[in-house]
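Chain residues, written in single-letter form:
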Amino acid sequence: MLKICLREIQTYLRRPMFLFCLLVAPLVCVFFFTTLMWEGLPTDLPAAVVDEDDTQVSRTFIRTMDAMEQTDIVAHFHNFTDAREAMMRGEIYAIFHIPEGMTEDAVSGRQPHVALYTNETYFVPSALLMKDMRMAAEILGISITRESLAGRGLTNDRVMGIVQPIVIEKHALGNPYLNYSVYLCNIILPGILFLLTMLLTCYVIGEEWKMGRQRQTYQMMGYSQTSVLIAKTLPITVIYSLIILFIDVWLYKYLEFPCKSGLLPMLVYGVMGVMASQGLAIFVFGLFLGQMRFSMSICSLWGVLSFSLSGFTFPVSAMHPVLQYACNLFPLRHYYLIYCNQALNGYSIAYVWVHVVALLCFMLLPFVVMKRYRKGFLLIKYKP
């Protein structure tokens, strides 16, 4: 087995593209995504104002909105047409339109109307700007109502009871700082690693058929298909396990992402995720023995779909019922649920044992097709 492992390592060293996928690509992704969103949430997003009212109240409102962390008023337009053209050119993400007579309507007790326009082609900045603009509008409305009621002789407590009869407390659990990097990096980085694990596992196994030496390797390992598969995939297991350990240490220790379960459990789950991805890849190749390209295509498709069906970009409960069951066929889905319950919420393992068992089942999948591997090593040839 050691001889086969050393042969694999020598093969890696002779192929720069393989080394790039094995080492450089995952590490580049780690530093790219964590530095891309270093500040957590995007700030100072460009927006524009069309102030047709041009009063002290409207100017106060614009200054309030510009003071918001995510909003940066970069342009003031005299008409909506110019503002819309700026949005079409991609210069701004949002437009706040204050119509003429807004202050007069507000002071006289009528209900003024203001318009918010966001470019939903860019979902994240548009959602953040919409939140800021709605908050600024609410602050302005409350302040105008408060001044009007105070002018009628009402006490401050009575005024606040009218303008805000219910006080809402917001508690963002799991990610209290609303850090977008915490939301994204904790899943997309393991997801990329799991995808590369499946692709490279299929490649190193299929290489035996491509080079026409599958029978020779089988004989060298004493006609044990289990030994052949372990020897072929062990270097990838070790390397990617070290990388997932580095990712967890980088995220939870250096960047101080929330990890209420402690670092050690997440290290274990990360290694289990890598091995589960390898088990799935070995199983897929066992179904299509000798067809390296086809097996890699299936693993690639499986890995890409896992980003959508894991539930971190779109809630599984809102998916079609068939997809709600199908999402359990992806290791990343189980890793994501373990991460949410353990790292973010700090729940006991009793809440995630089903998903831990699921990862173990993925790791044991190769034994389902082990007899096919015996036939493949002796009879099946490479199919381009």
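Everything discussed here concerns the structure shown above.
Residues numbered from 1 in each chain as written. Predicted model: local features only at pLDDT ≥ 70, side-chain atom pairs only at ≥ 80, totals over all residues. Heavy atoms only, no water.

Caption draft 1: Seen up close, the overall build of the protein chain. Assigned secondary structure in the protein chain consists of 16 helices and 4 strands. At 29 Å, the protein chain has a C-alpha radius of gyration far larger than the 21 Å of a compact globule built from 384 residues. In terms of principal-axis extent, the alpha carbons of the protein chain reach across some 95 × 45 × 40 Å. For the protein chain, with 384 residues in total, the buried portion stands at 46%. When contacts within the protein chain are restricted to residue pairs at least 6 apart in sequence, those whose partners lie at least 24 apart make up 75%. Summing over all exposed atoms, the protein chain offers an accessible surface of approximately 20,300 Å²; the carbon and sulfur share of this is 63%. The centroid of the 29 positive side-chain charges in the protein chain is displaced by 27 Å from the centroid of its 26 negative side-chain charges. (Helix = DSSP H or I, 4+ residues; strand = E, 2+ residues; numbered from the N terminus. Rg over C-alpha atoms; globule rule 2.2 N^0.38 Å. Buried < 20%, exposed > 50% of the residue type's maximum accessible area, 1.4 Å probe, protein only. Contact = heavy atoms within 4.5 Å. Areas by Shrake-Rupley, 256 points an atom, 1.4 Å probe, with all protein chains shown as cover. Lys, Arg positive; Asp, Glu negative; His and termini not counted. Charge placed at Lys NZ, Arg CZ, Asp CG, Glu CD.)

Caption draft 2: Fine view of the side chain of E207. Residue position: E207 is located in helix 8 (residues 180-210). Using a relative accessible area of 4% as the deciding quantity, one classes E207 as buried. Filtering out sequence-adjacent residues up to four positions away, E207 remains in contact with E8, T11, R15, R213, K232 and M292.

Caption draft 3: Representation of the environment of Y335. One can find Y335 in helix 14 (residues 331-344). Sequence separation between Y335 and G174 is 161 residues, and the spatial gap between their C-alpha atoms is 16 Å.

Caption draft 4: Examining the pairing of strand 3 (residues 94-98) more closely. Most of strand 3 is tucked away: 5 of the 5 residues are buried. Both faces of strand 3 are covered, namely the face carrying A94, F96 and I98 and the face carrying I95 and H97. Where strand 1 (residues 45-51) and strand 3 come together, 5 bridges link them in parallel fashion. Note on strand 3: the bridge partner recorded for A47 is A94. As judged from the 4 bridges shared by strand 3 and strand 4 (residues 115-118), these two strands associate in the antiparallel manner. Following the sheet pairing, H97 is matched in strand 4 by A115. (Pairing = 2+ DSSP bridges.)

Caption draft 5: Expanded view of the nonpolar core. Y240, L251, Y339 and Y373 are the most contacted members of the largest nonpolar core, which totals 80 residues. The greatest single-element share of this core, amounting to 19 residues, is contributed by helix 8. With residues up to four places along the chain from it excluded, the contact list for Y240 reads C21, L22, P26, L193, L196, T197, L200 and V274. With 19 residues, the next largest nonpolar core counts M68, L128, M133 and I144 among its residues. (Core = buried A, V, L, I, M, F, W, Y, C linked by side-chain atoms within 4.5 Å.)

Caption draft 6: A look at unusual backbone geometry. Notably, D44 is not glycine yet its phi reads approximately 55°, a positive angle. Assignment of secondary structure puts D44 in the loop between helix 2 (16-36) and strand 1. Backbone geometry at D54 places phi at a positive 50°, although glycine is not the residue there. You can see D54 is positioned in the loop between strand 1 and helix 3 (56-66).

Caption draft 7: Here's a closer look at the sheet that holds strand 3. Ordered by their spatial adjacency, 4 strands build an open sheet running 2-1-3-4, and the pairing between neighbours is mixed. If you trace the sheet from one side to the other, it starts and ends with strand 2 (71-77) and strand 4, each paired once. Neighbour to neighbour, the strand axes of the sheet diverge by 25° on average, direction disregarded. Judged from the 6 bridges that link them, strand 1 and strand 2 form a sheet pairing that is parallel. Following the sheet pairing, A48 is matched in strand 2 by A75. Where helix 4 (residues 80-88) meets the sheet, it contacts strand 1, strand 2, strand 3 and strand 4, and its direction lies at approximately 170° from that of strand 3. (Axes fitted to C-alpha atoms, helices over the stretch in contact; angles between N-to-C directions.)

Caption draft 8: View of the side chain of S277. Turning to its location among the elements, S277 is positioned in helix 11 (residues 263-287). A distance of 2.9 Å separates a polar side-chain atom of S277 from the backbone oxygen of G273. Those residues in contact with S277 that lie beyond four places of it in its chain are F194, T197, M198 and P331. (Polar contact = N/O pair within 3.5 Å; in protein donor to acceptor, adjacent residues only side chain to side chain.)

Caption draft 9: Spatial organisation of the pattern of salt bridges. Within the structure shown, the criterion is met by 8 salt bridges. The salt bridge involving E208 is made with R213; its shortest N-O contact spans 3.3 Å. By the burial criterion, E208 is buried, and R213 matches it. The partner of K232 in a salt bridge is E208, and the shortest N-O contact between them spans 2.5 Å. One end of the pair, K232, is in helix 10 (residues 225-254); the other, E208, is in helix 8, and 24 residues separate them in sequence. When its relative accessible area of 1% is taken as the criterion, E208 is described as buried. Connected via shared salt-bridge partners are R15, E207, E208, R213 and K232. (Salt bridge = Lys/Arg side-chain N within 4 Å of Asp/Glu carboxyl O.)

In short, geometric facts, not functional conclusions.
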